[in-house]
Amino acid sequence: MVEPAELDFEAGQWISVPFGPKIVRAWSMLSSPIRRRTITLAVDVAPGGMGSQWLRALKPGDPVEFKGPTGGFTFNRADPRRAVFVAEEIGIVPVRSILAAPILPEDVAEAVLFLASDRSAKTTGCTITVDGGVKDAFPR
Ligand SMILES: Cc1cc2nc3c(=O)[nH]c(=O)nc-3n(C[C@H](O)[C@H](O)[C@H](O)COP(=O)(O)OP(=O)(O)OC[C@H]3O[C@@H](n4cnc5c(N)ncnc54)[C@H](O)[C@@H]3O)c2cc1C
């Protein structure tokens, strides 16, 4: 991102690209809001789809203007209820961002501290995955 250098958004939100006065295409952020200098989208390229074909034809360095972030499909982590997300096809994009959002450097540091401490003295040959469940939810 050039201007602004960072995009402050919440997992689940989307950006939109105007193609004309009344023609807009919206795409959800796939990436976690922890990374604010770049955003990642996941787009199902539709045959003959104006917006998605335009997106696929972009080359590195092409300037892109977009609006956003927008949208209220966000997750309140203070809510004590267990969440179940249901999505189909490309609707999984904001859900993935929500699942990935809580991973902070501190979360990884906790695992590293455990491995470096005496408390892990009898722990051998294990892999600790700190990804909020993303690897299991999206095994590919
Ligand atoms: C909040 C929000 C978030 C979204 N997030 C994502 C996302 O993360 N990823 C994603 O992939 N999409 C997402 N979408 C959908 C996205 O905005 C576009 O609708 C999608 O990319 C298709 O747009 P397009 O311009 O490529 O296709 P369109 O031009 O809209 O065409 C879609 C299909 O219809 C066909 N078609 C178009 N016009 C006609 C016609 N007159 N007669 C017959 N067939 C026709 C086209 O050939 C094409 O196959 C989101 C939408 C919203 C509202």
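Above this text you will find the structure in question.
Analysis parameters
Residues numbered from 1 in each chain as written. Predicted model: local features only at pLDDT ≥ 70, side-chain atom pairs only at ≥ 80, totals over all residues. Helix = DSSP H or I, 4+ residues; strand = E, 2+ residues; numbered from the N terminus. Rg over C-alpha atoms; globule rule 2.2 N^0.38 Å. Buried ≥ 20, exposed ≤ 12 C-beta atoms within 10 Å, placed from the backbone. Contact = placed C-beta atoms within 7 Å. Pairing = 2+ DSSP bridges. Axes fitted to C-alpha atoms, helices over the stretch in contact; angles between N-to-C directions. Near = placed C-beta within 6 Å. Nonpolar A, V, L, I, M, F, W, Y, C, P; charged D, E, K, R; others polar.

A. Focus on the overall build of the chain. Of regular secondary structure, the chain possesses four helices and three strands. Each helix and strand of the chain, placed in order from N terminus to C terminus, yields the pattern β-β-α-β-α-α-α. The C-alpha atoms of the chain give a radius of gyration of 18 Å, which is well past the 14 Å a tight globule of 140 residues would have. Taken over the C-alpha atoms alone, the chain extends approximately 65 × 35 × 30 Å along its principal axes. Within the chain, buried positions represent 15% of all 140 residues. A fraction of 62% describes how many contacts in the chain between residues 6 or more apart in sequence connect residues 24 or more apart.

B. Representation of the sheet that holds strand β2 (residues 23-28) within the structure. The strand order across the open sheet built from three strands is β2-β1-β3, with neighbouring strands paired in antiparallel fashion. One side of each edge strand has no neighbouring strand; the edge strands of this open sheet are β2 and β3 (67-70). Here the average twist between neighbouring strands, direction ignored, is 25°. Pairing of strand β1 (residues 14-20) with β3 involves two bridges; the strand directions are antiparallel. Within β3, the position partnered with Trp14 by the bridge is Thr70.

C. Just the pairing of β1, in detail. Pairing between β1 and β2: six bridges, direction antiparallel. Note on β2: the bridge partner recorded for Trp14 is Ser28. Hairpin geometry of β1 and β2 is characterised by an intervening segment of two residues between the two adjacent antiparallel strands.

D. Structural detail: the site of the ligand. Of all residues adjacent to the ligand, which total 18 residues, the nearest are Ala46, Gly48, Gly49, Gly51 and Ser52. At the level of elements, β2 and α1 (50-57) are the ones that each hand at least two residues to the shell around the ligand. In terms of residues, the shell around the ligand owes the most to one element, β2, which gives four residues. Among the residues forming the shell around the ligand, the class breakdown is 10 nonpolar, six polar and two charged.

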